[in-house]
Amino acid sequence: MSTLTEAPANPPADTPADEKYHGLTADQIEQLGAELDALRQRVLADLGEEDAAYLRKIVTTQRKMEIAGRALFYLPVIGWLPAVACLSVSKILDNMEIGHNVMHGQYDFLGDPAFNSRMFDWDTVCPGEQWKYSHNYIHHTFTNIVGKDRDVGYGILRMDPEQKWHPYYLGNPLYAFLLMTFFEWGVALHDLEVENIVSGKRKMADNKPLYPGLMKKIRRQALKDYVLFPALTGPLFPLTFAGNAVANLVRNVWAFNIIFCGHFPAGVASFSVEETENETRGHWYLRQMLGSANIKGSKLMHVMSGNLSHQIEHHLFPDLPARRYPEMAVEVQEICERYGLPYNTGRLHQQLWSVFKKICRYSLPGGDAKTAPVRGPEAVTEDSLAA
């Protein structure tokens, strides 16, 4: 499912020429959209064998790490820790640089059934088809629109002041810790919308179509990680069982932190349903830029994050291969500077600390949305003239 095809393509909103939306006039927003469309088209036209070779290299590495991990479990004393490390890396690569990106349709252009978004499934309990609806469609189309994007708090956390406070949210830090620990399960159960069932907005019967696929995937994953592979190691069953559980935990913690640092650091903007009703394609691009954040780091860190460390570029171009995001980030950042837009980025520990503070702050009533200011292109021009 290509997310970009879901992006609004309405005619420009009927707003006065001098009225500004997040610091830009309607004409400036459409010009911004045109520039980003042009960037997308340039990269799209350049896709080819290098992208295919990169993906196949990552897949080969992931498979070698999994084989090494499974084999090392036969060495009970010296092999356990390296086995867990290899299996953890394998699961992270499978979920983030391969699964997430392939299921976004980033490699559909290859025409290879093994990497087609409609056929691929990943090493986690959430069925791929279910995830593509809640993530590719709901989250990427309605990014940070409070009340429509269910990734704003995942139905269990208060991450925005527009979410009505309730004493339940006093447990925000605890819920975040549990979500991090059991993140694959949180993603799998996300579509059951338990919070809406509790509030009466949704019925248990509405979830019936989800159960067969969900249960089939859970059985498969549980049998693989907690029965089959431990059993193959015979008397080492308990150690292999524990090793698989730890590898899943490592993947959960890493994925949670990368994703939360891409969406919830200070300065990231949220939006109301009303202000996005007549959104144009330019408005959609602007919302993605203001509603995402990047993480600075090494090339290895970017690969291990599935290049979701470039969350801004991912939200602008979700169906382009993520390996292209670092080179595109240079131009996106230049565009942001020229339009006086914030480009939210920071080291992992900085973004994590910012997210942690937000989780704690919104566990209490009130709170202000401290979004990064948009100066606008006029301010940039004035600065240039003054210099």
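Keep in mind that what you see is a predicted model, and the values were worked out from it rather than measured.

Draft legend 1. Quick look at the overall build of the protein chain. Helices and strands together make up the secondary structure of the protein chain, namely 15 helices and 4 strands. The globule rule puts the C-alpha radius of gyration for 387 residues at 21 Å, and the 22 Å found for the protein chain is close to it. Reported as C-alpha extents along the three principal axes, the dimensions of the protein chain are approximately 75 × 50 × 40 Å. Taken across its 387 residues, the protein chain has 53% of its residues classed as buried. Contacts in the protein chain between residues far apart in sequence, at least 24 positions, make up 71% of those at least 6 positions apart. Approximately 17900 Å² of the protein chain is accessible, and the part contributed by carbon and sulfur atoms is 63%. Of the side-chain charges in the protein chain, 38 are positive and 44 negative, and the distance between the mean point of each set is 9 Å.

Draft legend 2. Seen up close, the packing of aromatic side chains. One pass over the structure, following the stated rule, counts 16 aromatic pairs. Aromatic rings pair up to connect Tyr 154, Phe 183, Phe 256, Phe 260 and Phe 264 into one cluster. Between Arg 70 and the ring centre of Phe 229, over which it is positioned, the NZ or CZ distance is 3.9 Å.

Draft legend 3. Layout of the state of the cysteines. Applying the stated criterion across every chain yields a total of 0 disulfides. With no disulfide partner, Cys 261 has as its closest neighbouring cysteine sulfur the one in Cys 360, 14 Å distant.

Draft legend 4. Highlighting the UniProt feature "transmembrane region" (unreviewed entry) in the protein chain. Residues annotated by UniProt as "transmembrane region" (unreviewed entry) correspond here to residues 71–93. End C-alpha to end C-alpha, residues 71–93 measures 18 Å, and it is 70% helix and 0% strand.

Draft legend 5. Up close: the UniProt feature "domain: Fatty acid desaturase" (unreviewed entry) in the protein chain. UniProt records the feature "domain: Fatty acid desaturase" (unreviewed entry) at residues 79–345, using the numbering of this structure. Here residues 79–345 runs as 54% helix and 1% strand, with 38 Å between its end C-alpha atoms.

Draft legend 6. Spatial organisation of the nonpolar core. By size, the foremost hydrophobic cluster in this structure holds 44 residues, and its most contacted members are Val 102, Leu 157, Leu 179, Phe 183, Phe 256 and Phe 260. Residue assignment for this core shows that the elements contributing at least two residues are helix 2 (49–72), helix 3 (80–102), helix 5 (172–181), helix 6 (183–189), helix 8 (211–232), helix 9 (237–263), helix 11 (299–304) and helix 14 (348–361). Discounting chain neighbours no more than four positions away, the residues touching Leu 179 are Tyr 154, Ile 156, Leu 157, Gly 186, Phe 256 and Phe 260.

Draft legend 7. Structural context of the side chain of Asn 294. With respect to the secondary-structure elements, Asn 294 resides in strand 3 (residues 294–296). Given a relative accessible area of 2%, Asn 294 falls into the buried group. From its side chain, Asn 294 meets the backbone nitrogen of Gln 311 in a polar contact 2.9 Å long. A polar contact is formed between the side chain of Asn 294 and the side chain of Tyr 343, at a distance of 2.9 Å.

Draft legend 8. Structural view of helix 14. With 14 residues, helix 14 should cover 20 Å at 1.5 Å per step; its first-to-last C-alpha distance of 20 Å lies within 8% of that length. Listing the buried residues of helix 14 in full gives Gln 351, Ser 354, Val 355, Lys 358 and Ile 359. Projected onto a plane normal to the axis of helix 14, the buried residues spread over an arc of 140° and lie on a single side. Residues of helix 14 that are exposed and point more than 90 degrees away from the buried face comprise His 349 and Trp 353. Contacts made by the buried residues of helix 14 are with helix 5, helix 9, strand 3 and strand 4 (345–347).

Draft legend 9. Examining a nonpolar patch on the surface more closely. A cluster of nonpolar residues, Leu 174, Phe 177, Leu 178, Phe 182, Trp 185 and Leu 189, forms a patch on the protein surface that exposes about 570 Å² of accessible area. Among the elements of the structure, helix 5 and helix 6 are those that each provide at least two residues to the nonpolar patch. A total of 3 residues in the nonpolar patch trace back to one element, the largest contributor, which is helix 5. Its location among the elements puts Phe 182 in the loop between helix 5 and helix 6.

Draft legend 10. The arrangement of the pattern of salt bridges in detail. If you walk through the whole model with that rule in mind, you get 23 salt bridges. A salt bridge links Arg 323 to Asp 51; the nearest nitrogen and oxygen atoms lie 2.8 Å apart. You can see Arg 323 sitting in the loop between helix 12 (311–316) and helix 13 (325–339) and its partner Asp 51 sitting in helix 2, a full 272 residues away along the chain. By relative accessible area, Arg 323 is classed as partly exposed at 22%. Note on Asp 51: relative accessible area 0%, which makes it buried. Between Arg 251 and Glu 184 there is a salt bridge whose closest N-O contact spans 3.0 Å. Here the residue Arg 251 occupies a position in helix 9, and Glu 184 occupies one in helix 6, the gap between them amounting to 67 residues. By the burial criterion, Arg 251 is buried, and Glu 184 matches it.

Draft legend 11. Focus on the side chain of Asn 101. In this fold, Asn 101 is placed in helix 3. Residue classification places Asn 101 among the buried residues on the basis of a relative accessible area of 1%. One polar contact links the side chain of Asn 101 to the main-chain carbonyl oxygen of Gly 306, over a distance of 3.3 Å.

Draft legend 12. How the structure looks around the packing of helix 3 against helix 9. In contact at an axis separation of 8 Å, helix 3 and helix 9 are set at 45° when each is read in the N-to-C sense. Put simply, helix 3 runs oblique to helix 9. Judged by the sense of rotation from one axis to the other, the crossing of helix 3 with helix 9 is right-handed. Each of Trp 80, Val 84, Leu 87, Ser 88, Lys 91, Ile 92, Asn 95 and Met 96 in helix 3 lies in contact with helix 9, whose residues at this interface are Leu 239, Ala 242, Gly 243, Asn 244, Val 246, Ala 247, Asn 248, Val 250, Arg 251, Trp 254, Ala 255 and Ile 258. Of the residues that constitute the contact of helix 3 with helix 9, the class distribution is 13 nonpolar, 5 polar and 2 charged.

What counts, and at which threshold
Residues numbered from 1 in each chain as written. Predicted model: local features only at pLDDT ≥ 70, side-chain atom pairs only at ≥ 80, totals over all residues. Heavy atoms only, no water. Helix = DSSP H or I, 4+ residues; strand = E, 2+ residues; numbered from the N terminus. Rg over C-alpha atoms; globule rule 2.2 N^0.38 Å. Buried < 20%, exposed > 50% of the residue type's maximum accessible area, 1.4 Å probe, protein only. Contact = heavy atoms within 4.5 Å. Areas by Shrake-Rupley, 256 points an atom, 1.4 Å probe, with all protein chains shown as cover. Lys, Arg positive; Asp, Glu negative; His and termini not counted. Charge placed at Lys NZ, Arg CZ, Asp CG, Glu CD. Phe/Tyr/Trp six-rings, centres within 6.5 Å; stacked < 30°, edge-to-face > 60°. Lys NZ or Arg CZ within 6 Å of the ring centre and 35° of its normal. Disulfide = S-S within 2.5 Å. UniProt positions renumbered as here; feature names shortened; annotations may be inferred. Core = buried A, V, L, I, M, F, W, Y, C linked by side-chain atoms within 4.5 Å. Polar contact = N/O pair within 3.5 Å; in protein donor to acceptor, adjacent residues only side chain to side chain. Expected span 1.5 Å × (residues − 1). Arc of directions from axis to C-beta. Patch = residues over 30% accessible without salt bridge, like charges linked within 9 Å, V, L, I, M, F, W, Y side chains within 5 Å. Salt bridge = Lys/Arg side-chain N within 4 Å of Asp/Glu carboxyl O. Axes fitted to C-alpha atoms, helices over the stretch in contact; angles between N-to-C directions. Parallel < 35°, antiparallel > 145°, perpendicular 65-115°, else oblique. Left-handed = near helix turned anticlockwise from the far one by under 90°. Nonpolar A, V, L, I, M, F, W, Y, C, P; charged D, E, K, R; others polar.

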